[in-house]
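# Chains, contacts and geometry: an overview
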Amino acid sequence: MKVKQSIPKELRFTVAQFYKKFPDDDACLEYLKEKRYPGGITHCEKCQHERKHHRVSGRPAYSCDHCGKMISPMAGTIFEHSSTPLQTWFYAMYLMGSTRCGISAKQIQRETGVTYKTAWRMFRQIRSLLSEGDMQLEGPTVEIDETYVGGTRKYAKGRPMRGDKVKIPVIGIVQRNGGKVYAQVVPGITADELTKVVKERVTPGSTVYTDEYPSYDRIGTLTDSKGKPLAYRHRRIRHKDGVYVKGDIHTNTVEGFWALVKNGIRGVYHQVSPEYLQSYLNEYAFRYNRRHEGNQQFNAILERVCERAS
Ligand SMILES: [Zn+2]
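This report concerns the structure included in the present document. (Residues numbered from 1 in each chain as written. Predicted model: local features only at pLDDT ≥ 70, side-chain atom pairs only at ≥ 80, totals over all residues.)

Summing up its helical and strand segments, the protein has 9 helices and 9 strands in all. Taking the principal axes of its C-alpha atoms as reference, the protein extends roughly 70 × 45 × 40 Å. Taken across its 310 residues, the protein has 30% of its residues classed as buried. Restricting to contacts in the protein with at least 6 residues of sequence separation, those with at least 24 account for 59%. (Helix = DSSP H or I, 4+ residues; strand = E, 2+ residues; numbered from the N terminus. Buried ≥ 20, exposed ≤ 12 C-beta atoms within 10 Å, placed from the backbone. Contact = placed C-beta atoms within 7 Å.)

A word on the pairing of strand 1 (residues 41-44). Looking at chain direction, strand 1 and strand 2 (residues 49-56) are connected through 4 bridges and run antiparallel. Paired with Cys 44 across the strands is His 49, a residue of strand 2. Counted along the chain from strand 1 to the antiparallel partner strand 2, the turn is 4 residues long, and its residue Gln 48 has a positive phi close to 55 degrees. (Pairing = 2+ DSSP bridges.)

The next point concerns unusual backbone geometry. You will see that Gln 48, though not glycine, has its phi angle at about 55 degrees, which is positive. Within the element layout of this structure, Gln 48 appears in the loop between strand 1 and strand 2. Gln 48 sits in the exposed class, given 8 other C-beta atoms within 10 Å. Located in the positive-phi region is Asn 177, a residue other than glycine, with phi close to 60 degrees. Summarising the element assignment, Asn 177 is placed in the loop between strand 6 (168-175) and strand 7 (181-185).

In this section: helix 6 (residues 191-201). Turning to helix 6, its buried residues number three or more, namely Leu 194, Val 198 and Arg 201. Angular distribution of buried residues about the axis of helix 6 spans 85 degrees; they occupy a single face of the element. Elements that come into contact with the buried residues of helix 6 comprise strand 5 (141-149), strand 6 and strand 7. (Arc of directions from axis to C-beta.)

Here we come to the sheet that holds strand 8 (residues 207-211). Here we have 5 strands laid out as an open sheet, ordered 7-6-5-8-9, and mixed in their pairing. Each edge of the sheet is formed by a strand with only one pairing partner; in this case those strands are strand 7 and strand 9 (233-237). This sheet shows a mean twist of 25 degrees between the axes of neighbouring strands, independent of strand direction. The sheet contact formed by strand 5 and strand 8 spans 3 bridges and is parallel. The residue bridging Thr 141 from the neighbouring strand is Thr 207, located in strand 8. Sheet strands touched by helix 7 (residues 252-269): strand 5, strand 6 and strand 7. Its angle to strand 5, the strand with the most contacts, is close to 30 degrees. Here helix 8 (residues 274-288) sits on the sheet and contacts strand 5, strand 6 and strand 7; the angle it forms with strand 7, its principal contact strand, is near 180 degrees. (Axes fitted to C-alpha atoms, helices over the stretch in contact; angles between N-to-C directions.)

Below you can see the structure in the form of structure tokens.
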């Protein structure tokens, strides 16, 4: 695993540091316990009381100091029903948080000795935690663009046409100036679909940059459910005329994100089926939104595991 050396030193988390922090499964379990039950203190169902818990030797569990009822920090997490060692899971998350372009199941298979199927399942489960839920892009300036992922094309340029293999339509919104990205698979690039996503994700009053595609026509006149104007200032660039940048009117930021996703899918995953595309988009967006954290993004992934534990 090559971690890009351009990461500033203070944001670097090397493989050696990883193994120092997580030398074995016990260290990983202890880490989870501290994240979920700091100091080992949590509610005991039997006592119906907050209790301190201690490690049960020989089992991945902790036990109530008072009544002995056991709990597991893995309960409700993606690790719960897995027979894969916890350290391997942690390492897979470390790899996922250490790359820009994506990480293949093949690599984790090679490095840890789990089967390809296991590696693939682990990544799928980790990815399932990475959605940005109800994230709002708080302007003041966003770019919106649509693209199509997957399949093969009759012509290399332009929007898809008859004869093209399944291309999956995706909408992306990026905050300008180092902000966040949101990307979503949609049934089609229609004005209705775009309107829905924009209303949900873009703060009223933002300036919105798009290209000239007609489905964007309504953006400047959108209102909320009570008829109040959302007051988006809509600026468009005419790609059709060969114009890609006019002053600050362009969609280069969001197109940069598409390039990252498409190169990654082509180079690492080779292809992605429609049912999994959203989870891949989530993975790329998760990393993009934390790109200033170097490869300590691993911590953010671990936190997700705990947050989303049921
Ligand atoms: Zn108890």
